[in-house]
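Okay, here's what each chain looks like letter by letter:
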Amino acid sequence: MQYKLLTAFLTALLALPLHAKPATPAVKPKTAGTAAPAQLNAANLMGKTILDIDIRGIDNIQQYDNAKTYLTLEKSVGEKIEQPDYIQYLIENGREEIRRSQQPFGYYNSEVDAHVQDEGDGLRITYTVHQNQVTQLSKVNVQITGEAAQDEAFQEVLADNPLKQGGVLNHETYETYKARLAALASARGYFDAEFREHNVQVNPADNTAEVNLILDSGMRYTFETVEFNEVPLSPDLLQRFVQFQPGQPYLSSDVATLQQDLQGSGYFAEALIGDEPDRERKTVPIKGQLTMDENKHYILGIGYSTDSGVRGKFDFDRRWVNSRGHQFSSKLYASTKTSSVDALYRIPAANPATDYYYFRLGGHIKTDNYDSRKLFGEGGYNFRLGDWEHRYGLVASWEKFTIGLTHGKTLLVYPQGQWTYTSTKNRLNPKDGYQFRFGLLGAGKGLLSDASVVQANLDGRYLQSLGDKNRLVGRMALGATWTDDFDRIPPSMRYFAGGDRSIRGYAFENIGSRDAGDNNIGG
């Protein structure tokens with residue numbers, strides 16, 4: 001049996017969003033068994049209103065919505081008919097529009113009946129769709145040529161091809177996969193990439209289709225040296241933000257990371273990174289346009305809370321102290337129950353975005369559930385490896401305290417380590433993800449300390465965006481202390497719970513172990 005082959009080259013028009021302007025095949029496939037048109041008298045339509053249009057026989061919501069989008073007659077619902085001949089044409093043409101609306105989903109032999117119900121002053125129009133057999137893929141030919149043929153990222157995308165021989169033809173799936181290949185080529189520096197073949201050949205006679213998708217990547221571009229405009233910071237410091245080398249294969253994610261690191265460094269009000277490819281040299285020059293932020297930054301605040309009473313704070317920052325990018329920040333806090341001061345000096349290291357040496361001095365006076373006067377100093381090194389941030393330091397603290405029935409003075413000198421894992425790459429403005437932090441410290445009596453203690457802490461946070469304006473935030477904290485002389489452990493190292501940021505319904509830091517006088521001494 002011979003079939004007349006009708007080949008339709010379906011272009012990107014078929015991939016337009018199903019809820020926007022509908023896709024239109026380049027060639028109308030031949031169909032069999034078209035239903036008889038609805039018998040209408042145009043003169044009887046004058047002055048009537050189309051009350052409703054019902055499309056039956058389509059169960060899939062996307063296909064149904066696409067049929068509604070294709071149907072020109074939908075625009076006339078609720079309006080009084082003043083051009084009956086035109087409306088009669090739209091009613092009849094709606095059968096063809098609905099039939100064509102199903103082709104992006106692989107239904108090329110659909111049949112559509114139209115029925116008009118005259119209810120006096122209004123019309124109810126019903127289209128009944130018989131979708132018939134769906135088109136299947138008889139051949140899928142997807143190839144990558146050029147340098148990208150050896151690129152592991154493209155091998156993964158080829159292995160994840162949703163277009164399978166014997167599967168159902170869906171033009172949206174085809175266009176999405178095609179766009180994925182093109183986007184990957186651009187992201188990985190194949191700026192000369194083009195499709196040598198990209199078509200879907202449909203044979204409605206036997207409900208089959210062939211897909212041909214051949215991408216020629218050409219050469220992969222490489223990075224050139226990054227150039228920055230003149231700013232008060234040294235060129236050496238700026239170049240240490242750059243984590244790729246000239247001649248290294250281009251990756252758009254490396255450029256995005258550079259911009260994010262510069263923006264989040266605290267030095268700049270704005271950091272713009274340009275990466276226009278040089279077509280002749282097959283390279284990508286990187287231009288950085290940096291706008292410095294205000295060097296001196298002040299915050300003054302006054303407030304009240306049930307936990308602390310009347311409170312005030314004053315923050316002062318030097319976003320850069322010198323051309324080498326050293327930074328200084330200080331915080332002064334005072335309330336009726338607690339006062340504190342904290343000063344931090346940072347020196348950027350190999351990667352200024354994540355690596356730095358730090359020195360910290362501070363202290364507090366606390367007169368709420370217990371009396372505590374503390375001074376401390378700390379120095380250390382912070383750096384990041386992959387998704388993990390490491391911090392190692394040495395702390396010296398002296399604290400005089402009265403808690404419950406215990407009075408004491410304790411000097412502790414101890415090393416500490418902290419390890420933080422963050423799941424999201426966007427640390428400046430995360431939308432979803434989680435983070436957990438584990439800390440460990442230990443002091444030994446006789447090793448410049450008045451008590452022996454080991455302490456471990458685990459904190460976790462979870463963030464989930466719910467739409468554009470809402471977020472679900474969860475957090476937890478666990479801690480444990482091992483010591484043979486609990487009375488010598490200062491209150492600042494003990495655990496308390498209660499308050500509006502801890503366990504609501506309890507007074508601030510009111511939950512903890514009790515001594516013989518029923519005083520809360522923490523845990």
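1. Looking at helix α1 (residues 61-70)
Residues Gln63, Asn66, Ala67 and Tyr70 constitute the buried set of α1. For α1, the angular spread of buried residues about the axis comes to 105°, placing them on one side. For α1, the elements touching its buried residues are β2 (49-56) and α2 (84-101). Of the residues that open α1, the one with a side-chain oxygen 2.9 Å from the backbone nitrogen of glutamine 62 is asparagine 60.

2. What to know about the side chain of lysine 178
Looking at the element boundaries, lysine 178 is found in helix α4 (residues 171-187). Although lysine 178 is buried, it makes no salt bridge; glutamate 175 carries the closest opposite charge, 4.3 Å away. For lysine 178, the residues in contact, after removing those within four places along its chain, are Phe195, His198 and Leu213.

3. Concerning the packing of aromatic side chains
If you walk through the whole model with that rule in mind, you get 21 aromatic pairs. Between tyrosine 381 and phenylalanine 383, the ring centres sit 5.3 Å apart and the planes meet at 25°, which makes this aromatic pair stacked. When the centroid spacing of 5.9 Å and the interplanar angle of 25° are considered together, the rings of tryptophan 419 and phenylalanine 438 count as stacked. Separated by 19 residues along the polypeptide, tryptophan 419 in strand β18 (residues 406-422) and phenylalanine 438 in strand β19 (residues 432-443) bring together distant segments of the chain. Grouped by ring-pair contacts, the aromatic residues Tyr357, Tyr381, Phe383, Tyr392, Trp419 and Phe438 constitute a single cluster. The residue whose ring lies beneath lysine 178 is phenylalanine 195, and the NZ or CZ to ring-centre distance is 5.6 Å. Taking the ring centre of phenylalanine 486 as reference, the NZ or CZ of arginine 494 above it sits at 4.3 Å.

4. Some details on the sheet that holds β18
Strand pairing within a sheet occurs via backbone hydrogen bonds; the two strands may be parallel or antiparallel. Taken in spatial order, the 11 strands line up as β11-β12-β13-β14-β15-β16-β17-β18-β19-β20-β21 in an open sheet, and their pairing is antiparallel. The sheet is open, and its two borders are formed by β11 (296-305) and β21 (470-483), each paired with just one other strand. On average, each strand axis in the sheet is inclined to that of its neighbour by 15°, with strand direction left out of account. Here strand β13 (residues 327-335) runs beside strand β14 (residues 338-348); their pairing, made up of 8 bridges, is antiparallel. Within β14, the residue paired with alanine 334 across the bridge is serine 339.

5. Here we look at the nonpolar core
The biggest cluster of nonpolar side chains holds 25 residues, and the ones touching the most others in it are Leu233, Leu258, Leu262, Tyr267, Phe268, Ile286 and Leu290. Take this core: its biggest share by element is 4 residues, from strand β10 (residues 283-292). Setting aside its immediate chain neighbours within four residues, leucine 258 contacts Val226, Phe241, Val242, Phe244, Ile273 and Ile286. Counting 23 residues, the second largest nonpolar core, distinct from the first, contains Val142, Val157, Ala185 and Leu213.

6. Digging into the environment of lysine 366
Relative to the assigned elements, lysine 366 resides in strand β15 (residues 356-367). When its relative accessible area of 7% is taken as the criterion, lysine 366 is described as buried. For lysine 366 and serine 339, which are 27 residues apart along the polypeptide, the C-alpha to C-alpha distance reads 6.5 Å.

7. A few points about helix α3 (residues 152-159)
For α3, the set of buried residues is Ala153, Phe154 and Val157. One side of α3 carries all its buried residues, which in axial view fall inside an arc of 95°. Across from the buried face of α3, at angles greater than 90 degrees, the exposed residues are Glu152, Glu156 and Ala159. Packing partners of the buried residues in α3 comprise β5 (136-145), α4 and β7 (208-216).

8. Quick notes on a nonpolar patch on the surface
A surface patch of nonpolar side chains, about 520 Å² in accessible area, is lined by Tyr298, Leu300, Phe314, Leu332 and Val341. Mapping tyrosine 298 onto the fold places it in strand β11.

9. With respect to the confidence of the model for the protein chain
This prediction gives the protein chain a mean pLDDT of 87; 88% of its residues lie at or above 70. Counting contacts from residues 1-38, a segment whose pLDDT is below 50, to residues more than four positions away or on other chains yields 83 contacts.

10. Thoughts on unusual backbone geometry
For asparagine 132, which is not glycine, the phi torsion reads 60° and is therefore positive. Turning to its location among the elements, asparagine 132 is positioned in the loop between β4 (122-130) and β5.

11. Re the packing of α1 against α2
Axis angle and axis distance: for two packed helices, these are the angle between their axes and the distance between the axes, and together they describe the pair. Look at α1 against α2: their axes get within 8 Å of each other, and the N-to-C directions meet at 140°. Looking at the two axes, α1 sits oblique to α2. As for how α1 packs across α2, the hand of that crossing is right-handed. For the pair formed by α1 and α2, the contact residues are Asn66, Ala67 and Tyr70 on the first element and Glu97, Ile98, Arg100 and Ser101 on the second. For the contact of α1 with α2, the class distribution of residues is 3 nonpolar, 2 polar and 2 charged.

12. What to know about the pattern of salt bridges
This structure, assessed with the given rule, holds 20 salt bridges. The shortest N-O distance in the salt bridge between lysine 331 and aspartate 315 comes to 3.7 Å. You can see lysine 331 sitting in strand β13 and its partner aspartate 315 sitting in strand β12 (residues 309-318), a full 16 residues away along the chain. Relative accessible area serves as the criterion here: at 8%, aspartate 315 is assigned to the buried category. The network of salt bridges with shared partners includes Asp151, Arg188 and Arg220.

13. Brief notes about the sheet that holds β2
With mixed pairing, the 3 strands of this open sheet are ordered in space as β2-β4-β3. Edge strands, defined here as strands with exactly one partner in the open sheet, are β2 and β3 (111-118). Recorded for the sheet is a direction-independent mean angle of 15° between the axes of neighbouring strands. As paired strands, β2 and β4 are joined by 7 bridges and run parallel to one another. Each residue of the ladder has a partner; that of arginine 56, found in β4, is threonine 128. Each of β2, β3 and β4 touches α2; the most contacted strand, β4, lies at about 25° to it.

Quick notes on the rules
Residues numbered from 1 in each chain as written. Predicted model: local features only at pLDDT ≥ 70, side-chain atom pairs only at ≥ 80, totals over all residues. Heavy atoms only, no water. Buried < 20%, exposed > 50% of the residue type's maximum accessible area, 1.4 Å probe, protein only. Helix = DSSP H or I, 4+ residues; strand = E, 2+ residues; numbered from the N terminus. Arc of directions from axis to C-beta. Contact = heavy atoms within 4.5 Å. Polar contact = N/O pair within 3.5 Å; in protein donor to acceptor, adjacent residues only side chain to side chain. Lys, Arg positive; Asp, Glu negative; His and termini not counted. Salt bridge = Lys/Arg side-chain N within 4 Å of Asp/Glu carboxyl O. Phe/Tyr/Trp six-rings, centres within 6.5 Å; stacked < 30°, edge-to-face > 60°. Lys NZ or Arg CZ within 6 Å of the ring centre and 35° of its normal. Pairing = 2+ DSSP bridges. Axes fitted to C-alpha atoms, helices over the stretch in contact; angles between N-to-C directions. Core = buried A, V, L, I, M, F, W, Y, C linked by side-chain atoms within 4.5 Å. Patch = residues over 30% accessible without salt bridge, like charges linked within 9 Å, V, L, I, M, F, W, Y side chains within 5 Å. Areas by Shrake-Rupley, 256 points an atom, 1.4 Å probe, with all protein chains shown as cover. pLDDT = per-residue confidence, 0-100. Parallel < 35°, antiparallel > 145°, perpendicular 65-115°, else oblique. Left-handed = near helix turned anticlockwise from the far one by under 90°. Nonpolar A, V, L, I, M, F, W, Y, C, P; charged D, E, K, R; others polar.

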